[in-house]
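Structure assessment
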Amino acid sequence: MEIKVLGSGCANCKALEKVTRAAVEELNLEANVIKVEDFQQIMEYAIMRTPALVIDEKVVLSGRIPKPDELKQILISNS
């Protein structure tokens, strides 16, 4: 599983990366978490707001930081 956290490096983007890495570890998922800060790469996903979460090239979340339980559910349902 490849997980990308899209964002410019703002506090919310960093927070989403942190909770995503924690959720991956708690769920013991085999996943590669990548932080994407390049604006051109982010625009390829046609999102309007950051932070965003992409799992295996599918945008699953945009514009907010989910609660830990919601994030775990997103990861499980997309694994």
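Quick look at the structure, then.

**So, the overall build of the protein**
If you tally the helices and strands in the protein, you get three helices and four strands. The N-to-C order of helical and strand elements in the protein reads β-α-β-α-β-β-α. Radius of gyration (C-alpha) of the protein: 11 Å, near the 12 Å computed for a compact globule of 79 residues. For the C-alpha atoms alone, the extent of the protein along its principal axes is close to 30 × 25 × 15 Å. The contacts of the protein with a sequence gap of at least 6 include a subset with a gap of at least 24, amounting to 64%. Counting every atom, the protein has about 4,800 Å² of accessible surface; 48% of that belongs to carbon and sulfur.

**Observations regarding the sheet that holds strand β1 (residues 2-6)**
Strands sit in the order β2-β1-β3-β4 across an open sheet of four strands; the sheet is mixed. Both outer strands of the open sheet, β2 (32-36) and β4 (58-62), are each paired with one neighbouring strand and no more. Across this sheet, the average inter-strand angle for adjacent strands is 20°, counted without regard to direction. Examined bridge by bridge, strand β3 (residues 52-55) and β4 share four bridges and lie antiparallel to one another.

Conventions we followed
Residues numbered from 1 in each chain as written. Predicted model: local features only at pLDDT ≥ 70, side-chain atom pairs only at ≥ 80, totals over all residues. Heavy atoms only, no water. Helix = DSSP H or I, 4+ residues; strand = E, 2+ residues; numbered from the N terminus. Rg over C-alpha atoms; globule rule 2.2 N^0.38 Å. Contact = heavy atoms within 4.5 Å. Areas by Shrake-Rupley, 256 points an atom, 1.4 Å probe, with all protein chains shown as cover. Pairing = 2+ DSSP bridges. Axes fitted to C-alpha atoms, helices over the stretch in contact; angles between N-to-C directions.

Honestly, it's all geometry; don't read function into it.
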